[in-house]
Amino acid sequence: MIIVERFGRHSPVPFVTILFVFAISFINLVPHGVNSAAVMSVDLGTEWMKVGVVSPGVPMEIALNKESKRKTPTILSFRDGVRNFGEDAVTVGLREPAAVYGYLLDLLGKTVDNPIVDLYKKRFPYYNITADPQRQTVIFTKNNNEQFSVEELVAQMLQKAKEFAEESTRQIVTECVLIVPGYFGQAEREALLSAAHLANLKVLQLLNDYTAVALNYGVFHRAEINETAQYYIFYDMGAYKTSAALVSYSLIKDKQTKEINPLIQVLGVGYDRNLGGLEIQMRLRDYLASEFNAMKKTKTDVTKNPRALAKLFKEAGRLKNVLSANLDHYAQIEGLLEDHDFKLQVTREKLEELCLSLWPRVTNPIQSALTVSGLSMDVVSQVIIFGGGTRVPKVQDIIKNYIKQELGKSLNADEAATMGAVYKAADIATGFKVKKFIIKDAVVFPIHITFQRDPGDGTEVKQVKRVLFGNMNSYPQKKVITFNKHTDDFDFYASYGDLSHFSKEEIANIGSLNISKVELLKIKQIIEKNQKDVVETKGIKAYFLLDDSGVFRCTGVEFVYEKHKIENEEEGTLAKLGSTISKLFSKDGSKKKDMDTLEENKENDEPMDQKPDNEEPMQKDYKPNDKANKTEESQKEETNNSDFKNDTVKIIVVKEPVEHNINVLFTIPLAGTALKTSTEKLNAINEIERERNRLASVFNELESHVIETQQKLSEAEFSSCISEDEKEKILSECIAISDWLYEDDNRKPSSYEERLIELKKLTNIFLSRHWEHEERPEALKALEGMIDAASKFLTSAKNLTKETNPEKDIFTQVEIDTLTNVIDETTKWKKTETQIQESLQRHEEIRLTVKDITDKMSLLDREVKYLVNKLKIWKPKQQPQKSDKNTDDESEDETSDTHKETTESGSGKQTTHNPSNNEGEQGTDSTKHADKENVTESTPSKKETPRSDL
């Protein structure tokens, strides 16, 4: 029955495929993703989304969407309760623009009063954007009953990317690397992490777009990297923004592993977040709108009609792409407004004229990157371009005139970042091994700490600033700052530092310049509690981390001091040895002492750098301590006078955690109740979509099965396999189901599934008969071939019995008789059953089934295999050794008469000396001591083993 359902509704399948059915079925039962380690990267661009995947045994590749395309528009729509993505959403947008959400990336982490949001409203006036009551972030509101935050919309796009990756790898994907613009601040990065959390994805790292491209370039040019630094500029003009990053490639020796690995270091970054293909497209859209209004075909302003404006926007995008390769082209829209068509010739020259004010801004990112890096174009080997906007000829001409050299176009402009990020994902994730590539990204927005210090002399309280991460400092990196003058509770703030190299407009676009406020509590109580023990205070230390995703954290605060500890010198030898070894291998050795001394000598409240692990091991002394009253011994020891003769006084460093609160001062991330509510909302939407897809699938399957059944019953080869009564019953059921399918649209998927099961029970009657009639000849032919092969083997096997060949006694007579009977019975059964089956009509019950034939084949195969395996392991009895005919008389005289009688055989004399002989025979003592030079082995080698004729 399983085979009938598998093949019944398809064209006849050759019998040989039956042999693979059960194996394939078993493989399909194994759940995908078991012990898998597939990971993905997502380039969630403003206009397009690309997904890279890597899984065990499969090289890095781009995951295709359902249209088998390598990139998908980052647009989704909600219309009539149906959610669409990509191209389907674009189609919906032409009919109802307000139901489609796109160009969302730069809205992440923005409040409604941000200039970026104002620009978005200007570009897309048909959206109703309101403020979140708690977070003041962007909320898209439609009909007052459909509201989505930016994080929720981005999360749904990431879920779709996850689907593409899982369909491509056929494994569960939960880990990813996400690509972000390098100018994303703390608010934007936290918002994207929240969106990934909503999508049930674990983010291994947020990777800047230019860094991902630099990694992709470095992987394919690894052999060209040497100890001498090489400098490149990666220039990206995307849909929304333009950026340039000056990057160096060199080899560096890892101080821990002593390995030499290539290093990518970002030295300078420049960007323009409002310069890109979208701005060019917008200017072209506005030009087309003004030209249509000038034609006065209608009194209605085309810019006031959302649907007409959406059509103009789409046509402007198409026209922009065409004019990148052609000098002129026609813009053409049917039924643009009030059934009026629109057609206009636009030249490339006109497009360049529309964007006249944009062209001077094209090279600004390159200039900024050179300025902050302190380098000039003379040392730059090449400027490599990527991004869709760089395809505009005018952009390329401007860059070439500025750098005075040819542009590098060796990268795939669309996929370079995606492939670089998926390489990084494979490097971070478990289960993969890739060649190491060290990456040091750079801080775009400096971060400093501010706090108040009371001099204690009655003068005014000072506002103190300490830079933690300066402009273009590399990260990931840890730092610590020490507060020496505070004896009571106090606060300090983390904020963006010196931004004077940015314009006022860009500083406004960044949003809140404050990152976090840290409140330190119960300082006075801690100091008073430990006052008796304190030998010397080291101050209050705050620890900070800028991780590899560019996310800033205050990881802990501790009160550090030194105190005396008295130890008895008369400790055991093993204890002393263990203590010495522990100190030798601890991370708190002499280097820590040096750093403590260095920190003491520095100006109060100065931050201390902690270099990344690949440069120098992190000092254990600078890690925050989660356990209260935890002590760590330093290498600093002093022996003081004591009341006890054998006591030693040591100075140990004590670190006690300080209670503190961290308050986020930028856009509040999606967390707590809001995160839970958003999760429930998306889960409900996903469940509705799953049910809708299930409904559509089972509806289509039932409808197709009805049509296919009716068609087959009209064909003679199928209708002959069913009686008239059965045929009439099935056709009646098909007609009833056809009418029932279109009566009501509000049915559940289970109702369609039940009807499909009932119909299959009826149709399987004639489908199984037809399948049996089609496959039986092939099965009988295979059985006949097996009988012939078994008969030939039997003939050969009879010659390997004791009765016919004593020297090759392999098979017993019982085994020969058993195989003979099986062959005879199978031959007789085949002849009888075939005659009976041929006497039956095609619509009658099957007498000789394919399963019966395969069972007989299995029985015959089992008997033959038993004898074949016995033949394989059989070894002939070892024959006695033959003595040399030229053996001298002295040797023959030494051999006993009994031995001569035993070993005499044929024309030669042999000796039997085989302790493992099957008959248990052993040579005499005289044989054992026979001259070895006169004894020849007569035991046949493996090559002489008898073989069957088969």
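The residue numbers shown here count from 1 along each chain, following its written sequence. The predicted origin of the model limits local features to residues at a pLDDT of at least 70 and limits the giving and counting of side-chain atom pairs to 80 or more, whereas totals for whole chains, interfaces and linings rest on all residues. Water and hydrogen atoms were dropped before computing side-chain values, which therefore reflect all heavy atoms in the structure.

Caption draft 1: Molecular detail of unusual backbone geometry. Omega for the peptide link from Tyr475 to Pro476 comes to 15°, which places this bond in the cis form. Numbered from the N terminus, helices here are DSSP runs of H or I no shorter than four residues, and strands are runs of E no shorter than two. Position of Pro476 among the secondary structure elements: in the loop between β23 (474–475) and β24 (477–483). Residues other than glycine seldom take positive phi values, yet Asn200 does so here, at roughly 60°. Secondary-structure assignment places Asn200 in the loop between α6 (186–198) and β12 (202–208). Type-normalised accessible area, obtained with a 1.4 Å probe on protein chains alone, sets the label of each residue: buried when under 20%, exposed when over 50%, and partly exposed for intermediate values. When its relative accessible area of 57% is taken as the criterion, Asn200 is described as exposed.

Caption draft 2: Just the pairing of strand β26 (residues 514–520), in detail. The buried fraction of β26 is high, at five of seven residues. By the convention used here, strands pair only if DSSP detects at least 2 bridges between them. By the bridge criterion, six bridges tie strand β25 (residues 490–496) to β26 in an arrangement that is antiparallel. Opposite Ala494, over in β26, you have Ser516 as the bridge partner. Judged from the five bridges that link them, β26 and strand β32 (residues 660–664) form a sheet pairing that is antiparallel. For Leu520, the partnering residue across the bridge sits in β32 and is His660.

Caption draft 3: Spotlight on the sheet that holds strand β14 (residues 242–253). Read across the open sheet, the seven strands follow the order β19-β18-β13-β14-β15-β20-β23; overall the sheet is mixed. Two strands close off the open sheet at either side, each with one partner strand: β19 (407–408) and β23.

Caption draft 4: Broad picture of the pattern of salt bridges. One speaks of a salt bridge when a side-chain nitrogen belonging to Lys or Arg is within 4 Å of a carboxyl oxygen belonging to Asp or Glu. Under the defined criterion, the tally for this structure stands at 45 salt bridges. For Glu175, the salt bridge is made with Lys202, and the minimal N-O distance between the two is 3.7 Å. A residue pair is termed long-range when its members are at least 10 positions apart, and Glu175 in strand β11 (residues 175–180) and Lys202 in strand β12 qualify at 27 residues. A salt bridge links Arg694 to Glu691, with the shortest nitrogen-to-oxygen separation between them at 3.5 Å. Taken as a pair, Arg694 and Glu691 lie in helix α18 (residues 672–713) at a separation of three residues, close to a single helical turn. Relative accessible area serves as the criterion here: at 35%, Arg694 is assigned to the partly exposed category. Linked through salt bridges whose partners overlap, the residues forming this network are Lys71, Arg391 and Asp414.

Caption draft 5: Structural view of helix α20 (residues 724–741). Its 18 residues give α20 an end-to-end C-alpha distance of 26 Å, which sits within 8% of 26 Å, the value for a rise of 1.5 Å per residue. For α20, every residue scored as buried is listed here: Ile730, Cys734, Ile737, Trp740 and Leu741. What you see down the axis of α20 is that its buried residues fit within an arc of 130°, all on one side. Exposed residues lying more than 90 degrees from the buried face of α20 are Glu724, Asp725 and Glu728. Considering only its buried residues, α20 is in contact with α18 and α21 (749–798). Helix span, expected: 1.5 Å multiplied by one less than the number of residues in the helix. Note: the arc covers the axis-to-C-beta directions of the helix. Residues are treated as being in contact if the distance between any of their heavy atoms lies within 4.5 Å.

Caption draft 6: Geometry of helix α12 (residues 393–403). Those residues of α12 not exposed but buried are Val395, Gln396, Ile398, Ile399 and Ile403. Viewed along the axis of α12, the buried residues span an arc of 165°, placing them on a single side of the element. Structurally, α12 contributes buried residues whose contacts are with β13 (230–237), α11 (364–373), β18 (380–386) and β19. Of the residues flanking the end of α12, it is Lys404, one or two places downstream, whose phi is positive at about 60°.

Caption draft 7: Molecular detail of a negative patch on the surface. Think of a patch as exposed residues, more than 30% relative accessible area, with no salt bridge, where like charges cluster within 9 Å and nonpolar side chains (Val, Leu, Ile, Met, Phe, Trp, Tyr) cluster within 5 Å. A 1.4 Å probe and the Shrake-Rupley method give the accessible areas. Residues count as covered only by the protein chains that appear here. His is not counted, nor are the chain ends; Lys and Arg add positive charge and Asp and Glu add negative charge. Each charge is placed at NZ for Lys, CZ for Arg, CG for Asp and CD for Glu. A cluster of acidic side chains, namely Glu334, Glu338, Asp339 and Asp341, defines a negative patch on the protein surface. When you line up the elements, Glu338 lands in the loop between β16 (328–337) and β17 (340–347). On the basis of relative accessible area, Glu338 is assigned to the partly exposed category, the value being 47%.

Caption draft 8: Summary view of the packing of α20 against α21. Only the stretch in contact is used when fitting a helix axis, every axis being a line fitted to C-alpha atoms; angles between N-to-C directions are given from 0 to 180 degrees. Here α20 crosses α21 at 155°, and the two axes come no closer than 11 Å. Regarding the angle of α20 to α21, the classification is roughly antiparallel. The handedness of the crossing between α20 and α21 is left-handed. Note on element contacts: α21 touches α20 through Ser751, Tyr752, Arg755, Leu759, Leu762, Thr763, Ile765, Phe766 and Arg769, opposite Glu726, Lys729, Ile730, Glu733, Cys734, Ala736, Ile737, Trp740 and Leu741. Residue type decides the class: Asp, Glu, Lys and Arg count as charged, Ala, Val, Leu, Ile, Met, Phe, Trp, Tyr, Cys and Pro as nonpolar, and the leftover types, Gly among them, as polar. Here the contact of α20 with α21 is composed, by residue class, of eleven nonpolar, two polar and five charged. Angle categories are assigned with fixed cut-offs, so that under 35 degrees is roughly parallel, over 145 is roughly antiparallel, 65 to 115 is roughly perpendicular, and the rest are oblique. Helix crossings are classified by the rotation of the near helix relative to the far one: an anticlockwise turn of less than a right angle makes the crossing left-handed, while a clockwise turn makes it right-handed.

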